[in-house]
Protein chains: 2
Amino acid sequence: MATAAISDTLLSQLRSILPDEFTLTDDESLDHYSHDETEDLKFLPSVVVKPRTTGEVSAILKIASSENVPVTPRGAGTGLSGGCLPVHGGIVLSLERMNSILEIDKANLICVTEPGVITQVLQEAVEQAGLFYPVDPASRASCMIGGNVAENSGGPRAAKYGVTKDFVLGLTAVLPSGEIIKSGGKLFKDVTGYNLAQILVGSEGTLAVVTEIILKLLPLPKLRLMLMVPFPTLEDAARTVSLILRDGLAPSAIEFTERDAFLAAKEQLGKTVAYEQAAAQLMIELDGNEQELIDTHAERIGEIALENNALDVLLAEDKKRQDDLWAIRRSFGEAIKLRSVYKEEDTVVPRDKIPELMTRVKELCAKWNITSICYGHAGDGNIHVNLLKENLSDEVWERDLDTVIRELFTIVVELGGTLTGEHGVGYIQREYMPIVKTNAELALMKRIKDAFDPQGILNPGKIFPQGK
Amino acid sequence: MATAAISDTLLSQLRSILPDEFTLTDDESLDHYSHDETEDLKFLPSVVVKPRTTGEVSAILKIASSENVPVTPRGAGTGLSGGCLPVHGGIVLSLERMNSILEIDKANLICVTEPGVITQVLQEAVEQAGLFYPVDPASRASCMIGGNVAENSGGPRAAKYGVTKDFVLGLTAVLPSGEIIKSGGKLFKDVTGYNLAQILVGSEGTLAVVTEIILKLLPLPKLRLMLMVPFPTLEDAARTVSLILRDGLAPSAIEFTERDAFLAAKEQLGKTVAYEQAAAQLMIELDGNEQELIDTHAERIGEIALENNALDVLLAEDKKRQDDLWAIRRSFGEAIKLRSVYKEEDTVVPRDKIPELMTRVKELCAKWNITSICYGHAGDGNIHVNLLKENLSDEVWERDLDTVIRELFTIVVELGGTLTGEHGVGYIQREYMPIVKTNAELALMKRIKDAFDPQGILNPGKIFPQGK
């Protein structure tokens, strides 16, 4: 374990690389970089640095290595697992100033970008060029593409398009030693040695600091259609997801939402939908370039839904209405946070196990007398289970929560799933890793960590259970 | 470096795990497992073992570890870089008996398979279920899916569908220590720790032995159409590829072939196409479910081709004719091998650099008075450059070849490409790795190798240049 003490020598070394305005030690700045969007976490860094170039990142890491000081890379701080928090203090390395889109290469359908670009900014820029970057986390208006790479972010469209890793063709990254490496390129095939880019995607900033990203793009689909489908029970909605997928239809998103998420959005944010009292709703997006094909698929999906007790099938054809519905969908996290102390779990199971997952989550929560609100990317098997404290006493909540989470993950594993689909292990899930990973697997991951970061200075205290 | 000596003790240990018929030491067997499809390589193993289960693979590796004997995993032996050859002797571990498709999961569009299944057998089995595994190496009738994972195989359809890594959702693998690890699952999202599955794909059997593979499948496209488009010059054909891709059309394959590949197929195998004297031809495949959409795209592609001097645009609509054309395409490797001593290079560049690559390859070969035949997956930027000895003396061929290859790779790197797109580094390309990888990158890869294989017993002598 590296030490978190920051000497005056270190500080002056950092200030020889970056102007004072980008080497921050004032209380307000340290506070700002001490938390992310995860519930109830706060860890103060000793210093925050904001480099602009790969070379500056390299110089900072060389200093940190030589002084054996922890470095925690950070994007926009929208993470939900504490992945960017300096749990052992030291340096927070913010990539926010590395925010240029370097190239949108229309000939090759490729984008080259720095990590600090806001995901939505990137998406809109490539759309201007008639291209499409489909990975669409709920936080897209504020999260950064570098954070998406670190967490292998998903979002609702993974069902059809995949997750961040499926779009990363190449990376430039800086090792904790300060060495700069590249992997991949503007290439759709590359087997020259180990795929370092793919091990970096989803490594949560524990192996290297990514400073440049080469992304595959797609032609922009010209048409989109959304269906809102309310159901009288969770099971009806969950079963319908499986049947749609089994039918060979390929919606770009199938979002599952139970009533209380919509009600929270209404109560806290004033956002409403039709059929707000339905037990659950599916929000299904279709995209493509052929109106007839989209209509045929929408009709078939509607039939399947109605055969499975759907209360209605509502179409949202114009972009404004679709944007409104997505805005409601993206507000659930904030709405639930406003409603109660809570804990969000990012469960993922094989897609046909969603009905059983829903049934068993509700049984579990009934047993422990805990309110749960479930929503998420049913088309990818990825359901966010929010456990709410509400009227429980602090004592009961603190006593039971860990056990409930362990029982939840045990159910997930029995169904062939795992404990995080897109939020990452970070700080908050690390002690649950032995539920899904063997000692041999954890030890191998630790050896890989050591291969990148022999001193253990990069984002310490993440992914691995304490003592592993 | 592990030792290759095989003691009687080791042999009796192996025979305590496997019956004698699957622990082979006779000359004929050793000879059979001493080569693959790479030009002119032969390395004899001391013993060949053929386990049937993950447990047996584990037991074999435990013995090999404790005796410090090299183990080289092997699929069908169709590789083109010597990746499965026991260059330091020892044990060849053939996965050929692990040849069951374990599950075709229609509900989740997923297949679970052992590594020894022939790729074409797997493709046909999933097609029977109305599903599609698009990764389609030319050797698909004889190569194995485990070898495809080891090499991250591509084939012609990567342009639209991606390569093997894009379909691997999970793996079971055995470490050189005998420890069994799993990574991923029937899951479309998973960020619980480092993505071990993705570092194993393309690692050429140097990190672990893969014994079970979970693959994503797609709905089977109902319709296919093929266009054969002859051109008067290579440049016209190459430029047309870029223009098709830039136009936002998404063919499932764009194959580029120059005249001499067709002529070799005719002379050596009696296979002919129309316009056999055209300097180059594009073979373009479109697939989908909407005839009208396919026809529209085909028409647009035809227009672009004719605007760029295409001599004709021929349609192959029925499956029989398409299969015949693909059979001709797949025969080029064999036909060239029959024509002359040769060396095949597996260049890959950004797709819009194909015209420049073609021009510079021909200039290079003219300079060195070497005949070249180029063909390959232009839609992916992946061109196989075959350098033919033909009438050159042995002395000139042996003197110049290495220099020509180095100059070729230097061109490729200048164009933003790399030295192998899908064949792997293996044994034959390892000394060229410093052309594309820095010392820091190679050293990091070596530390990753050590994390998996601290004794260095698994497939030694591959990927890394000697002394690295």
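Refer to the structure printed above.
Residues numbered from 1 in each chain as written. Chains lettered and ligands numbered in written order. Predicted model: local features only at pLDDT ≥ 70, side-chain atom pairs only at ≥ 80, totals over all residues. Heavy atoms only, no water.

The next point concerns the side chain of Thr420(B). Tracing the chain through its elements places Thr420(B) in the loop between α14 (394–414) and α15 (433–436). Within the local environment of Thr420(B), its side chain forms a polar contact with the side chain of Asp346(B), the two groups lying 2.6 Å apart. A polar side-chain atom of Thr420(B) sits 3.0 Å from the main-chain amide nitrogen of Gly424(B). Among residues more than four places away in sequence, those in contact with Thr420(B) are Asp190(A), Val191(A), Thr192(A), Asp346(B), Val348(B) and Val425(B). (Helix = DSSP H or I, 4+ residues; strand = E, 2+ residues; numbered from the N terminus. Polar contact = N/O pair within 3.5 Å; in protein donor to acceptor, adjacent residues only side chain to side chain. Contact = heavy atoms within 4.5 Å.)

With that out of the way, let us pick up the relation of the copies chain B and chain A. When chain B is brought onto chain A, the operation consists of a screw motion whose angular component is 180° and whose axial shift is 0.0 Å, with 0.0 Å RMSD remaining. These values place the two chain copies in the arrangement generated by a two-fold rotation axis. Both copies share a contact surface, since 100% of the interface residues of chain B are interface residues in chain A too. (Least-squares fit on C-alpha atoms with pLDDT ≥ 70 in both.)

Glancing now at the interface of chain B and chain A. Residue-level contacts link 72 residues of chain B with 72 residues of chain A. Counting the surface lost from both chain B and chain A, the interface buries some 6100 Å², and carbon and sulfur atoms represent 61% of this. On the chain B side of the contact with chain A, Lys189(B), Val191(B) and Tyr194(B) bury the most area, a combined 17% of that side's loss. Our count for the chain B to chain A interface comes out at four salt bridges. (Buried area = accessible area lost by both parts, 1.4 Å probe. Salt bridge = Lys/Arg side-chain N within 4 Å of Asp/Glu carboxyl O.)

On to the state of the cysteines. Scanning all chains against the criterion turns up zero disulfides over all chains. Cysteine Cys143(A) remains unbridged, with the sulfur of Cys84(A) as its closest cysteine sulfur at 12 Å. Of all cysteine sulfurs, the one in Cys365(B) lies closest to Cys374(B), which takes part in no disulfide; the gap is 6.8 Å. On the basis of relative accessibility, which here comes to 0%, the residue Cys374(B) falls in the buried class. (Disulfide = S-S within 2.5 Å. Buried < 20%, exposed > 50% of the residue type's maximum accessible area, 1.4 Å probe, protein only.)

We now examine the sheet that holds strand β6 (residues 110–113) of chain A. Residue and element names in this part refer to chain A. Strand order in the open sheet formed by five strands is β5-β6-β10-β8-β9, with antiparallel pairing between adjacent strands. Only two strands of the sheet have a single neighbouring strand rather than two, namely β5 (101–105) and β9 (180–184). Sheet twist, expressed as the mean angle between neighbouring strand axes with direction ignored, is 10°. Note: β5 against β6, four bridges, orientation antiparallel. By the bridge assignment, Asp105 is partnered in β6 with Ile110. Strands in contact with helix α4 (residues 119–128) are β5, β6 and β10 (209–216); relative to β5, the strand with the most contacts, it is inclined by about 35°. (Pairing = 2+ DSSP bridges. Axes fitted to C-alpha atoms, helices over the stretch in contact; angles between N-to-C directions.)

Since one α-helical turn is 3.6 residues long, residues separated by three or four positions face the same way. All names here are of chain A. Between its first and last C-alpha, helix α10 (residues 291–307) extends 24 Å over 17 residues, near the 24 Å set by a 1.5 Å rise per residue. Within α10, burial applies to Ile294, Ala298, Ile301, Gly302, Ile304 and Ala305. Take α10 and look down its axis: the buried residues cluster within an arc of 165°, on one side only. Facing away from the buried side of α10, by more than 90 degrees, are the exposed residues Glu292, Glu299 and Glu307. Looking at the buried positions of α10, the neighbouring elements they touch are β12 (223–231), α8 (234–246) and β14 (280–288). Taken from the residues just after α10, Asn309 is the one with a positive phi, measuring 75°. (Expected span 1.5 Å × (residues − 1). Arc of directions from axis to C-beta.)

All names here are of chain A. What the seven strands build is an open sheet, ordered β15-β12-β14-β13-β17-β18-β16; its pairing is antiparallel. In the strand order of this sheet, the two ends are held by β15 (314–316) and β16 (342–348), each with one partner. For this sheet, the mean inter-axis angle between neighbouring strands, taken without regard to orientation, is 20°. Where β12 meets β15, three bridges bridge the pair, whose relative direction is antiparallel. What sits directly across from Met226, in β15, is Ala316. Of the strands in this sheet, β12 and β14 touch α10, which is tilted by about 5° from β12. Packed onto the sheet, helix α11 (residues 319–330) meets β12, β13 (253–258), β14, β15, β17 (371–377) and β18 (382–388) and runs at close to 55° relative to β12.

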